[in-house]
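# Structural overview
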Amino acid sequence: MFNVDITGEYIAFFIFAVIIIAGAVLMISLEKVVHMVISMAAAFLGLAGMYVLLDAEFVAFVQVLIYAGAVSILMIFGIMMTKHNGEAVETAKPLHETLAAVGALCLFGLLFYSIRTADFQSAGAFDPGQDNTLAIGEQLFTGYIVPFELLSILLTVAFIGAIALAKKEAD
Amino acid sequence: MGAWLNEPLTWGSALILFLWAALFLLIVLGFVTYAIYYERKVIGWMQLRIGPNRVGPLGLFQTVADIFKLLIKEDTIPRKADRLLFIIAPALAFIPSFTVLAVIPYTEKLYFADLNVGLLYYVALSGITTLAMVLGGWASNNKYALLGGMRSAAQMISYEVPLVISIVGVILLSGSLNLRDIVAAQDGGWFWNWNLFPQIIGFIVFFIAAVSELNRTPFDLPEAESELVAGYHVEYSGFRFAFFMLAEYVYVYAIAALTTVLFLGGWHAPAPFLDFVPGIIWFLLKFAFIVFSLFWIRATFPRVRVDQLMSLGWKVLLPVALLNVFLTALYLELFVK
């Protein structure tokens, strides 16, 4: 059933997978908000490692730059500005938790079963190309130029909107 | 180095790569030790003092003694600090500073990683150190440390934007994010082929933003000792404090090497008849000059105010960097194509 060779890539995959899952689980289960952001940053870094394994180094380092760096710092910045002394401790709800656990296990079983039984078409050898950064750039500025520019306009509008909202509240 | 990097990874080659990394770490530590000594000497001379001259001949062992003192100091962790983050933060600050050095090429043959997106790798990983500084400041549970951490985050985010955009001109000229290709693109024999002259606007923006990223005077607000006691590392002592300082000086190394590679032609000689001097000597000379300039700036400039800092970053450097990208693109479109 588990017919895989133990290669360096396989080991690296498992290390990154453990980082991502541990980060995601800790993100939910930790109590202090700053700790949550750190575990989320760890999950982002693990994802970047996955992209490197997939030969997508441009996406990988953009992931580190934007998510692990900028977004995490921004969130910590926001959190520090607010006071978080009395984090509410939720009362345990046994029935609710049991049902949630059963549901999660069922979902896992379903996904695991369908992935194991699925018949993947072997989709030819993947060609990472010489310079995928160049390829991404060319795609963005030729075939996808309109969506790309629209997206940047959307971000600018959101940015200006946020400033306008914040200004209104400050006045 | 290239031959080893492209071999399949066996235990033997992994050991060789590990030993190279360890040797490189020792070289970097040696650089940091003597950069601190040299900085104190240079600033001393500029202020008509002698500088350290007691420990060893010419004071050469002063930094060694200082580091030894730091290592044997009592390691204190404030009782109300967030223990785990307080311990992690110094390591988290240092690790990216050392890993970014992997992509710097020293000569045509001597480099540690031939990465396709080298420049992006540098910029992305150096952002993690900011996270560590903020965390260190927050975990200390001290208002001065928190203020220092906040300032450092605000400053480093604001200046990372012009820093990255000022490099875009260089990337446009050389058509690659690979630092080796960027140096190769500056090969014309003469010094005016270096990116310094066609990219003079980019270079000025880059250098100002780099000094700011390093948290050095005139932009050392995160550790302004007269306002914040010491900044984000006020609660740190001994070994952990040494790690923060180490990270800062390793970034001096990294920025000086990056400036050399991006703007000063890396290992290329300034004139064709000087080609007989090996490339590594040219690299080291340019590198040493940049490091000296950083100390020079520290000795001669007053600190800027925090509000001036932000408006300089966003209202001056960013538009100038964007203008530089526009001019470079226009030049390439009109004259090169």
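Calculation criteria
The written sequence of each chain sets the order in which its residues are numbered from 1. As a convention, the first chain written is A and the first ligand written is 1, with the rest following in written order. Predicted model: local features are reported for residues with pLDDT of at least 70 only, side-chain atom pairs are reported and counted for 80 or more only, and whole-chain, interface and lining totals are derived from all residues. Here a strand is any run of E in DSSP of at least two residues, a helix any run of H or I of at least four, and the numbering for each starts at the N terminus. Any residue with 12 or fewer other C-beta atoms within 10 Å of its own C-beta is exposed, any with 20 or more is buried, and the rest are partly exposed; the C-beta atoms used are placed from the backbone. By definition, residues are in contact whenever their C-beta atoms, placed on the basis of the backbone, come within 7 Å of each other. Each radius of gyration reported is based on C-alpha atoms, and the globular scaling rule is 2.2 Å times the count of residues to the power 0.38. Note that the domain bounds reflect an automated or database-derived domain assignment. Joining buried Ala, Val, Leu, Ile, Met, Phe, Trp, Tyr and Cys residues through C-beta atoms within 7 Å gives a set, and that set is a nonpolar core. UniProt positions are given in the numbering used here, feature names are shortened, and annotations may be inferred rather than shown by experiment. Axis definition: a line fitted to C-alpha atoms, limited for helices to the stretch in contact. Angles are taken between N-to-C directions and run from 0 to 180 degrees. These descriptions rest on fixed angle ranges, namely under 35 degrees for roughly parallel, over 145 for roughly antiparallel, 65 to 115 for roughly perpendicular, and the rest for oblique. Working rule for handedness: look at the near helix, and if it is turned counterclockwise from the far one by less than a right angle, call the crossing left-handed; if clockwise, right-handed. We call Asp, Glu, Lys and Arg charged. Ala, Val, Leu, Ile, Met, Phe, Trp, Tyr, Cys and Pro are nonpolar, and the rest, Gly among them, are polar.

Here we come to the overall build of chain A. Counting its secondary structure elements, chain A contains six helices and zero strands. Starting at the N terminus and walking to the C terminus, you meet the elements of chain A as α-α-α-α-α-α. Counting across all 171 residues of chain A, residues that qualify as buried make up 14%. Taking all contacts inside chain A whose residues are at least 6 apart in sequence as the whole, residues at least 24 apart take part in 47%.

Along the backbone of chain B there are twelve helices and zero strands. When the helices and strands of chain B are listed from N to C terminus, the series reads α-α-α-α-α-α-α-α-α-α-α-α. Taking 20 Å as the expected radius of gyration for a compact globule of 337 residues, we find that chain B reaches 21 Å, a close match to that expectation. Counting every position in chain B, which comprises 337 residues, the buried fraction comes to 44%. Pairs at least 24 apart in sequence give 78% of the contacts found in chain B among residues at least 6 apart.

This next bit is on the domain arrangement of chain A. Considered domain by domain, chain A is made up of domain 1 (1–81) and domain 2 (136–171). Using only C-alpha atoms to locate each centre, domain 1 of chain A and domain 2 of chain A end up separated by 26 Å.

In terms of nonpolar packing, the biggest core is built from 105 residues, with A:Val64, B:Ala93, B:Leu120, B:Val250, B:Val252 and B:Ala254 touching the most fellow members. Take this core: its biggest share by element is 17 residues, from helix 10 (residues 238–263) of chain B. Aside from chain neighbours lying at most four places away, what touches B:Val252 is B:Ala35, B:Leu214, B:Val291 and B:Leu294.

This paragraph deals with the interface of chain B and chain A. Put simply, an interface is often sized by how much accessible area is lost when its parts join up. Taken together, the contact between chain B and chain A spans 19 residues of the former and 18 residues of the latter. For the side of chain B that touches chain A, the secondary structure elements donating two or more residues are helix 5 (118–139) and helix 6 (143–174) of chain B. Looking at the side of chain B that touches chain A, the element that brings in the most residues is helix 5 of chain B, giving eleven residues.

Next up on the list: the UniProt feature "transmembrane region" (unreviewed entry) in chain A. The sites that carry the UniProt feature "transmembrane region" (unreviewed entry) are, in the present numbering, residues 6–26, 33–54, 60–82, 94–115 and 144–166 of chain A. Counting secondary structure, residues 144–166 of chain A comes out at 96% helix and 0% strand; the distance between its end C-alpha atoms is 33 Å.

It is generally the case that most residues other than glycine have a negative phi and that most peptide bonds are trans. Positive phi values are uncommon outside glycine, yet A:Asp55 reaches one of about 65 degrees. Looking at the element boundaries, A:Asp55 is found in the loop between helix 2 (33–53) and helix 3 (57–81). The partly exposed category is assigned to A:Asp55, around which 14 C-beta atoms lie within 10 Å. Despite not being glycine, B:Leu48 shows a phi value in the positive range, around 55 degrees. Looking at the element boundaries, B:Leu48 is found in the loop between helix 2 (11–46) and helix 3 (62–72).

With that out of the way, let us pick up the packing of helix 4 (residues 83–99) of chain B against helix 10 of chain B. Residue and element names in this part refer to chain B. Following both chains from N to C, one finds helix 4 and helix 10 inclined at 20 degrees, their axes separated by 8 Å at the closest point. Considered as vectors, helix 4 and helix 10 are oriented roughly parallel to each other. Considering how the two elements wind past one another, helix 4 and helix 10 form a crossing that is left-handed. Counting all contacts with helix 4, which are made through Pro90, Ala91, Ala93, Phe94, Ser97 and Phe98, the residues of helix 10 involved are Arg240, Phe243, Phe244, Leu246, Ala247, Val250, Tyr251 and Ala254. Among the residues making up the contact of helix 4 with helix 10, the classes are represented as twelve nonpolar, one polar and one charged.

With that settled, consider the packing of helix 4 of chain B against helix 5 of chain B. Residue and element names in this part refer to chain B. Interaxial distance between helix 4 and helix 5 falls to 8 Å at its minimum, and their mutual angle equals 160 degrees. As far as their axial angle goes, helix 5 and helix 4 are roughly antiparallel. Crossing hand, helix 4 versus helix 5: left-handed. Across the interface between the two elements, Leu85, Phe86, Ala89, Pro90, Leu92, Ala93, Pro96, Ser97 and Thr99 from helix 4 touch Leu125, Ser126, Ile128, Thr129, Leu131, Ala132, Met133, Leu135, Gly136 and Ala139 from helix 5. Broken down by class, the residue content of the contact of helix 4 with helix 5 amounts to 14 nonpolar, five polar and no charged.

A word on the UniProt feature "transmembrane region" (unreviewed entry) in chain B. Residues and elements named next belong to chain B. Following the UniProt record, one finds the feature "transmembrane region" (unreviewed entry) at residues 12–37, 84–107, 119–140, 161–179, 191–211, 250–270, 276–297 and 309–332. The annotated region residues 161–179 carries 79% helix and 0% strand content, and the separation between its end C-alpha atoms amounts to 20 Å. Taken end to end, residues 309–332 comprises 100% helix and 0% strand; its first and last C-alpha atoms sit 33 Å apart.

Turning our attention to the domain arrangement of chain B. All names here are of chain B. Domain annotation for chain B reports domain 1 (1–72) and domain 2 (78–336). On a C-alpha basis, the centres of domain 1 and domain 2 stand 19 Å from each other. Across the boundary between the two partners, domain 1 contributes 18 residues, which contact 22 residues of domain 2. Sorting elements by how many residues they give to the side of domain 1 that touches domain 2 places helix 2 first, with eleven residues.

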